[in-house]
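# Structural overview
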Amino acid sequence: MFIDSHSHTKHFSGDARMNISDLISGALSASLKAVVITEHYDDDYPHKIDTPMTCDIESYYESFQQWLTQSPPSLELRFGIEMGYQSGLVNRYNNIVQNYPFDSVIMSSHLIYGIDPYLFRDCYDLGPKELYSKYISDLVEIASGNCNFDILGHYDYISRYAPYKDCKMYYDICPDEFDTLFRAMINSEKSLEINTRSISKLRSQGHDNPMPDDRILLRYKELGGTIISLGSDAHSPDGLGQYFNETRKFLKQLGFDILTSYKNRKPQMTVL
Ligand SMILES: [Zn+2]
Ligand SMILES: [Zn+2]
């Protein structure tokens with residue numbers, strides 16, 4: 001019985017394809033114990049696109065109260081958000097986080113050099129070393145700054161849409177940046193998310209080992225990192241809890257024994 005710390009609905013996330021009933025039935029089919037709904041909030045998104053990148057948090061909160069009544073007792077829904085980091089937004093984001101009773105807050109980076117790599121592909125011309133190092137360095141800024149959040153979202157996001165023969169994010173690509181990131185996260189007690197949508201992406205590309213790079217997790221552990229959250233980043237019902245069993249096995253093999261989720265912004269530990 002897992003807790004999925006990362007999911008989106010089409011009610012408030014422009015790119016999601018499931019409504020709340022779909023999410024509830026998907027979560028029940030995946031035998032999840034709890035799902036944290038983490039609608040997108042990317043303020044000052046730099047590009048003009050059709051789908052909104054932020055939501056009206058007041059209406060999201062009101063809807064969430066309704067959703068609680070739709071969910072069966074066997075499934076716990078939690079109120080979360082995924083915020084898209086930019087350095088100028090920290091105070092604005094901290095105000096939002098203080099003003100709503102979130103259970104869990106994910107801070108993510110969806111931009112590189114201020115643009116969205118999903119829409120503007122030129123950044124990939126830099127090659128994996130330069131690009132991935134830059135992305136991980138940007139995460140260091142998030143983890144060591146004054147942002148009020150719980151989970152650092154998908155550290156491997158930049159690799160998800162990469163056109164390289166092997167897109168996977170490896171520790172050895174930028175070991176110094178990873179070390180600095182992990183030290184900052186451990187110091188600020190932030191959780192490292194294993195985003196299983198990235199696993200799904202690698203699997204769909206036919207990668208022979210779609211699980212995260214062992215060395216990334218082993219180094220996190222070696223430096224003292226223990227806080228890990230599982231998030232499917234589901235945008236459709238079949239994504240909920242996807243690859244959680246495989247990930248549990250993978251983490252256990254590496255010597256991790258607990259998973260962390262957040263409720264009322266407090267860490268909750270589950271034995272793996
Ligand atoms: Zn994201
Ligand atoms: Zn997401």
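Our subject is the structure listed above.
Notes on the structure follow. Every chain is numbered on its own, with residues counted from 1 as its sequence reads. Starting at A for chains and at 1 for ligands, labels are handed out in the order in which the entities are written. pLDDT decides what is reported in this predicted model: residues at 70 or higher carry local features, side-chain atom pairs at 80 or more are listed and counted, and totals for whole chains, interfaces and linings draw on all residues regardless.

Phi at Tyr113 takes a positive value of approximately 50°, unusual for a residue other than glycine. Tyr113 sits in the partly exposed class, given 13 other C-beta atoms within 10 Å. Look at Tyr243: it is not a glycine, yet its phi comes out positive at around 65°. Its place among the elements puts Tyr243 in the loop between strand E7 (228-231) and helix H9 (244-253). Residue Tyr243 is classed as buried on the basis of its 21 C-beta neighbours within 10 Å. Put plainly, a residue is buried at 20 or more neighbouring C-beta atoms within 10 Å of its own, exposed at 12 or fewer, and partly exposed in between, counting only other residues' C-beta atoms, which are placed from the backbone. Secondary structure elements are taken from DSSP: a helix is a run of H or I of four residues or more, a strand is a run of E of two residues or more, and numbering for both begins at the N terminus.

Phe244, Thr247 and Leu251 are the residues of H9 that are buried. Axial view of H9: buried residues confined to an arc of 60°, hence all on one face. Exposed residues on H9 whose side chains face more than 90 degrees from its buried face are Asn245, Lys249, Lys252 and Gln253. We call two residues in contact when the distance between their C-beta atoms, placed using the backbone, is within 7 Å. Residues of H9 that are buried make contact with strand E6 (191-195), helix H7 (196-204) and E7. Think of the arc as the fan of directions from the helix axis to the C-beta atoms.

Pairing within the open sheet is parallel, and its 7 strands lie in the order E1-E2-E3-E4-E5-E6-E7. Across the chains shown, the open sheet's two edge strands, defined by having one partner strand only, are strand E1 (3-4) and E7. Strands are treated as partners if at least two bridges between them are detected by DSSP. Taken together, the 5 bridges between strand E3 (residues 76-84) and strand E4 (residues 104-108) define a ladder with parallel strand orientation. Bridge pairing in E4 places Gly80 opposite Ser104.

Think of a nonpolar core as buried Ala, Val, Leu, Ile, Met, Phe, Trp, Tyr and Cys residues chained together by C-beta atoms that fall within 7 Å. One finds Val35, Met107 and Leu152 to be the most contacted residues of the largest nonpolar core, which totals 66 residues. Residue contributions to this core peak at 7 residues, all from helix H4 (residues 128-144).

With that settled, consider the packing of H4 against helix H6 (residues 175-187). For helices, the axis comes from a line fit to the C-alpha atoms of the stretch in contact; other axes are also lines fit to C-alpha atoms, and the angle between any two N-to-C directions lies between 0 and 180 degrees. Put simply, H4 and H6 touch, their axes get as near as 9 Å, and they point 15° apart. As summarised for this structure, H4 and H6 are arranged roughly parallel, according to the angle between their axes. Crossing handedness for the pair H4 and H6: left-handed. Between H4 and H6, the residues in contact are Ser133, Ile136, Ser137, Leu139, Val140, Ala143 and Ser144 and Glu177, Phe178, Thr180, Leu181, Ala184 and Met185, respectively. For this scheme, ten residues count as nonpolar: Ala, Val, Leu, Ile, Met, Phe, Trp, Tyr, Cys and Pro. Four count as charged, namely Asp, Glu, Lys and Arg, and the remainder, Gly too, count as polar. A per-class count over the contact of H4 with H6 returns 8 nonpolar, 4 polar and 1 charged. We call two directions roughly parallel when the angle between them is under 35 degrees, roughly antiparallel when it is over 145, roughly perpendicular when it lies between 65 and 115, and oblique otherwise. Left-handed is the label given to a crossing in which the near helix is rotated counterclockwise from the far helix by less than a right angle, and right-handed is the label when the rotation is clockwise.

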